[in-house]
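Per-entry structural report
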Amino acid sequence: MSLSLERTASLIVSHSRLLLDAIASSPAFSLSRNLVFAYALCSLSATAYRELWARGPLGIFSDLYRSASKLFFRYLLRAPGIRDKVDAEVSKVLVSMEQQMVPRGPDITYYRELPQHGWSEEQIIAEMQHLSLMQHSAWEAGKVSGAVYHGGKELIDLQTQAYGMFSVANQLHPDVFPDVRKMEAEVVTMVLNLFNAPQHSGVGTTTSGGTESLLLACLSAKMKAYHERHVTQPEIIAPITVHAGFDKAAYYFGIKLRHAPMDPVTYKVNLKAVRRMINSNTVLIAGSAPNFPHGIIDDIEGLSKLALRYKIPLHVDACLGSFVVPYLERVYREIDPTVNVPVVDFRLPGVTSISCDTHKYGFAPKGSSIIMYRDSSYRRHQYFLATDWSGGVYASPTLAGSRPGALIAGCWATLMKMGDDGYYSSAKSIVEAARLIRSSIAADIPQLTVLGDPISSVVAFTSSTLNIYEVADSMVAKGWHLSALQNPAALHIACTKLTTESCVMLVRDLKDSVAQIELAHGAESESDIKKKQGDTAMLYGVAGSVSTNGVVDEMVYGFLDNLYKA
Ligand SMILES: *Cc1c(COP(=O)(O)O)cnc(C)c1O
C-alpha cells in the first residue's frame, strides 16, 4: 500500500519534472522568465534608488551601522554565560518595578473574583475613597507635566453631572439618543471653526483620543491613495519628533513611516529632507503644532507648499496644541507683539486634516479628541461599512463600535462652560507660565539650555554639563513629575492650568536640583554616583546605549504586564 503510494508520488514528480523541463525550454517561458527577472530587478533598484535619494549614502550607512550594532549586541546579550547575568539583572528591575506599581500590604486587598453578593452603595463609595488615597504623583499641586490639564472643582462637578445625565447613551444609536448626536455634531463644528475650516466643506468626527485621531488620519490617507491612485505600498513622511501615534498607525495599518530629521538648531522638521522622501508611494505628509517632545511648531506653511506642489495630503497634529494654538495669535498680540505666530490651520491651502484633543487644553473629560478634514472626500475613507452583514446593514464612522455618549455630554458641557473668553484667558495664562519658565532658566540656571524657540505651552531643556536624567530624579524627590525625552536627552514640562500656579516653585526647585547634583559630583566618585542612580537615569542610561538597548524591551514588556496584575 505504502509502496504503491510512493510509486505514484514518484511518477507524478517525474512527470511534472518533464513538464517543467518542457516549459522551461520553450521560448515563451524564457521570455517571461526574463520579464519577471527584469521586473524584479527594476522594482528592487527603484526601491534602492528611493532609499538612496531619501536618506543619502551617509544616512543609509549610519542607519545600517546602527541596526547592525544593535543586532550584534542583542545576540551578544543572549550568548551563554552572559544571558543568565542579563536575565538576573532584568528580573531584579522587574521585581522592583512590580513592587512600585502593584503595592501589596496588610491594608490593601485585591479582589480577584466577583463578590458573592453585590456590595452596598456605601461600601463601594468607601472603598473608592480609600483607593483615591493611594500614593500618586501630586497633580493636584501642579507638579506633573501635562496629564491633568484643568483640574478645577467646579468644572469637574459639571462634567460629573453631564456624565450622569447621559451615562446610558451610545452614539451607535442616534435614533435612541438624538440629544447626543446633536451635541456631538456641535462639538465637531465648534472645533472646525476654531481651526478655520472651510465654512461649507469642512467636516470631522469625534474620537476617543489623540491616538485614534492620528490612526484615522493615516487610515483615511492610505485608503484614499489606494482607491484613487492604486498605491499598494503606502508611505507616510513625518518629522522624527512626531507623536508615536504615527508609528502605531504604521504598525496597525501596514504603512511605511519615513521619519524626517529635525533641524538641530530650530528643532523644526527639515523641509529639504521631507522633499527628498516624497515618492509615488507617499500618501501623507505630517507636521506638529506643536510637537510633544519640545513644544516646537513645525514649519507648517513650508509643508503646505510641498504638499500642494506634489499633490499629497498634509496632516497637522494639533492634538497637544488643541485649545492653546488657536489662541496664540491673540495671546501674543497682547503679551508680546514681537513674537511671530505662524498660521498652522486650514487657512493654509495644503492642510487637508487636523487633529485636536478636546481632552487636553479643551479640558474635556479623558477619551475625547476631534479629527477634522478639509472636505468630506477625506473623511469618507475613514468610514467603515459592512452592508451585507447578517446582523443588518452596519456602518461606523470611527474605530470603536459602541461609543460612550456620556463623554460627548461631558465634552459639550465643558466647551459651553469655558466659552471663547474662558479658553482665551486660560491659553494666555498657560503661555505666560511657559514663558516664565523659559526666561527664568535662561537667566538663572546657566547649566540648563532651552531647546529651540518654543512659543506654546511646552518647554524642553537639556544640559551640556550635567546628566539631565539625574535632574529628573532629583525633581522626583521634590515631588515633581517631568517628562524625560531622548535623542537628544532632555526633560520637558507641559504647562497646564495647574502649573500656572506652581511655575515659580518649579524654577526654584530646578535650580536647587542642579546645585545639589553639582555638589554631589564634586564630593563623590563617579562610580558611587552611578550606584545611586535613580529610575530615570537608570532607564535612559540603558535605553540610550546601543549595547544595552535590547534589554529595554524586556523592561517595557514587564511594565505593560504589570498594568494587569491583581
Ligand atoms: C498627546 C498627544 C497626542 C495624542 O495622545 P493621546 O494620549 O492618544 O491623546 C498626539 N500628538 C501629540 C503631539 C500629543 O502631545
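Conventions we followed
- Numbers given for residues are sequential positions, taken from 1 along each chain in its written order.
- The model is predicted, so local features are restricted to residues of pLDDT at least 70 and side-chain atom pairs to those at 80 or more, both for listing and for counting; the totals for chains, interfaces and linings are taken over all residues.
- Just so you know, side-chain values use all the structure's heavy atoms and leave hydrogens and water out.
- UniProt positions are given in the numbering used here, feature names are shortened, and annotations may be inferred rather than shown by experiment.
- Nearness is judged by heavy atoms alone; a residue qualifies as near a molecule or strand once a single heavy atom is within 4 Å of it.
- Polar contacts, as counted here, are pairs of nitrogen or oxygen atoms within 3.5 Å of one another; within protein the pair requires one atom able to donate a hydrogen and one able to accept it, and residues that are adjacent in sequence qualify only if both atoms are side-chain atoms.
- Under the convention used here, a 1.4 Å probe and the Shrake-Rupley method define accessible areas, while residue burial counts only the protein chains that appear.
- The helix and strand labels rest on DSSP assignments: H or I over at least four residues marks a helix, E over at least two residues marks a strand, and numbering proceeds from the N terminus.
- Each residue's exposure class comes from its accessible area (1.4 Å probe, protein chains only) as a fraction of the maximum for that residue type: buried when under 20%, exposed when over 50%, partly exposed otherwise.
- What makes a nonpolar core is a set of buried Ala, Val, Leu, Ile, Met, Phe, Trp, Tyr and Cys residues whose side-chain atoms join them at distances within 4.5 Å.
- What fixes the domain bounds is an automatic or database domain assignment.
- Contact criterion: two residues are considered in contact whenever any of their non-hydrogen atoms come within 4.5 Å of each other.
- Only strands that DSSP links by at least two bridges are regarded as paired with each other.
- Helix axes are fitted to C-alpha atoms over the stretch in contact, other axes to C-alpha atoms as well, and angles between N-to-C directions run from 0 to 180 degrees.
- Aromatic pairing here means that ring centres of Phe, Tyr or Trp (its six-membered ring) are within 6.5 Å. Orientation follows from the plane angle: under 30 degrees is stacked, over 60 is edge-to-face, and everything else is tilted.
- Only when the NZ atom of a Lys or the CZ atom of an Arg is both within 6 Å of the ring centre and within 35 degrees of the ring normal do we say a charge sits over the ring.
- Multiplying one less than the number of residues by 1.5 Å gives the expected span of a helix.
- This arc is taken over the directions from the axis of the helix to the C-beta atoms.
- Roughly parallel means an angle under 35 degrees; roughly antiparallel means over 145; roughly perpendicular covers 65 to 115; every other angle is labelled oblique.
- Left-handed describes a crossing in which the near helix is turned anticlockwise from the far one by less than a right angle; the clockwise case is right-handed.
- Note on residue categories: nonpolar means Ala, Val, Leu, Ile, Met, Phe, Trp, Tyr, Cys or Pro, charged means Asp, Glu, Lys or Arg, and polar means any other residue, Gly included.
- Throughout, the accessible surface (probe 1.4 Å) given up by two parts as they are put together, summed over both, is called the buried area.
- By convention in these notes, a salt bridge is any Lys or Arg side-chain nitrogen within 4 Å of a carboxyl oxygen on Asp or Glu.
- Within the patch definition used here, like charges are joined within 9 Å and nonpolar side chains (Val, Leu, Ile, Met, Phe, Trp, Tyr) within 5 Å, considering only residues with over 30% relative accessible area and no salt bridge.

- Going by an unreviewed UniProt entry, the protein chain carries the name sphinganine-1-phosphate aldolase and comes from Myxozyma melibiosi.
- In its Cofactor (unreviewed entry) section, the UniProt entry covering the protein chain states "pyridoxal 5'-phosphate".
- Looking at the Sequence similarities (unreviewed entry) heading of the UniProt record, one finds this comment for the protein chain: "Belongs to the group II decarboxylase family. Sphingosine-1-phosphate lyase subfamily."

Remarks on the site of the ligand
- The full set of residues close to the ligand is Gly210, Thr211, Leu214, His243, Pro290, Phe292, Asp317, Cys319, Leu320, Asp357, His359 and Lys360.
- Thr211 has a polar side-chain atom sitting 2.5 Å from an oxygen atom of the ligand.
- Within the side chain of Lys360, an N or O atom sits 3.0 Å from an oxygen atom of the ligand.
- In isolation the ligand exposes 380 Å². Once the protein is present, 85% of that is buried.

A look at the environment of Pro342
- Its place among the elements puts Pro342 in the loop between α11 (328–335) and β6 (351–356).
- The class for Pro342 is partly exposed, based on a relative accessible area of 35%.
- Sequence spacing of Pro342 and Tyr226 is 116 residues, and the spatial spacing of their C-alpha atoms is 33 Å.

Things to note about the nonpolar core
- Counting 86 residues, the largest nonpolar core has Phe195, Ile300, Leu328, Tyr361, Met372 and Val471 as its most contacted members.
- Both domains that meet at this core, namely domain 1 (160–417) and domain 2 (419–562), each give it at least three residues.
- Filtering out sequence-adjacent residues up to four positions away, Val471 remains in contact with Leu466, Leu491, Leu510, Ser513, Val514 and Ile517.
- Residues Val203, Leu219, Ala249 and Tyr378 belong to the second largest nonpolar core, which totals 26 residues.

Details of the sheet that holds strand β13 (residues 490–494)
- The antiparallel open sheet is built from four strands, whose spatial order is β10-β11-β13-β12. Two strands in the sheet have a free side with no partner beyond their single neighbour: β10 (449–450) and β12 (483–485).
- Most of the contacts of helix α13 (residues 405–444) go to strand β11 (residues 458–462), to which it runs at about 20°, and overall it touches β10, β11 and β13.

Considerations on the packing of aromatic side chains
- This structure, assessed with the given rule, holds nine aromatic pairs.
- Seen from their ring centres, Tyr251 and Tyr252 are 6.0 Å apart, and the 40° between their planes marks the pair as tilted.
- For Tyr251, a relative accessible area of 69% corresponds to the exposed category.
- For the cation-ring pair, Arg330 lies above Tyr424, with the distance from its terminal atom to the ring centre recorded as 4.4 Å.

Notes on helix α5 (residues 153–165)
- Between its first and last C-alpha atoms α5 spans 19 Å; for 13 residues at 1.5 Å apiece the expected length is 18 Å, and the two agree.
- Within α5 the residues assigned to the buried category are Leu155, Gln159 and Ala162. The arc that holds the buried residues of α5, viewed along the axis, is 60°, so those residues lie on one side. Among the exposed residues of α5, those oriented more than 90 degrees off its buried face are Lys153, Glu154, Gln161 and Met165.

Some thoughts on the side chain of Glu235
- In this structure, Glu235 sits in strand β2 (residues 235–239).
- Judged by its relative accessible area of 5%, Glu235 falls in the buried class.
- With near-sequence residues (within four places) excluded, Glu235 lies in contact with Ile255, Lys256, Arg258, Met277, Asn279, Asn281, Thr282, Val283 and Leu284.

A closer look at the environment of Glu329
- Relative to the helices and strands, Glu329 resides in helix α11.
- Sequence separation between Glu329 and Val341 is twelve residues, and the spatial gap between their C-alpha atoms is 5.8 Å.
- Not counting residues within four places of it along the chain, the set of residues in contact with Glu329 comprises Val341 and Arg347.
- Among the polar contacts listed, one links the side chain of Glu329 to the side chain of Arg347, at a separation of 2.8 Å.

A word on the packing of helix α7 (residues 210–229) against helix α8 (residues 245–253)
- Their axes nearest at 9 Å, the elements α7 and α8 cross at an angle of 50°. Between α7 and α8, the angle is such that the two are oblique. Classified by chirality, the crossing of α8 by α7 is right-handed. Listed contacts from α8 to Thr211, Leu214, Leu215, Cys218, Leu219 and Lys222 of α7 are Gly245, Phe246, Lys248, Ala249, Tyr252 and Phe253.
- Within the contact of α7 with α8, the residues separate by chemical class into eight nonpolar, two polar and two charged.

Brief notes about the domain arrangement of the protein chain
- As far as domains go, the protein chain holds domain 1 (160–417) and domain 2 (419–562).
- Here the C-alpha centroids of domain 1 and domain 2 sit 28 Å apart.
- Contacts between the two partners involve 34 residues from domain 1 and, on the opposite side, 29 residues from domain 2.
- Together domain 1 and domain 2 conceal approximately 2,500 Å² of surface at their shared face, both sides included; 64% is due to carbon and sulfur atoms.
- If you look at where domain 1 meets domain 2, you find two salt bridges.
- Between Asp420 and Arg330 there is a salt bridge; the shortest N-O distance is 3.1 Å.
- Counting across the interface, domain 1 meets domain 2 through eleven residue pairs in polar contact (both at pLDDT 80 or more).

Details of a nonpolar patch on the surface
- The grouping of Met101, Val556, Phe559, Leu560, Leu563 and Tyr564 at the surface amounts to a nonpolar patch, some 590 Å² of accessible area in total.
- Per element, the largest residue contribution to the nonpolar patch is three residues, and it comes from helix α18 (residues 549–562).
- Within the secondary structure layout, Tyr564 lies in the segment after α18.
- Here Tyr564 falls in the exposed class, since its relative accessible area comes to 71%.

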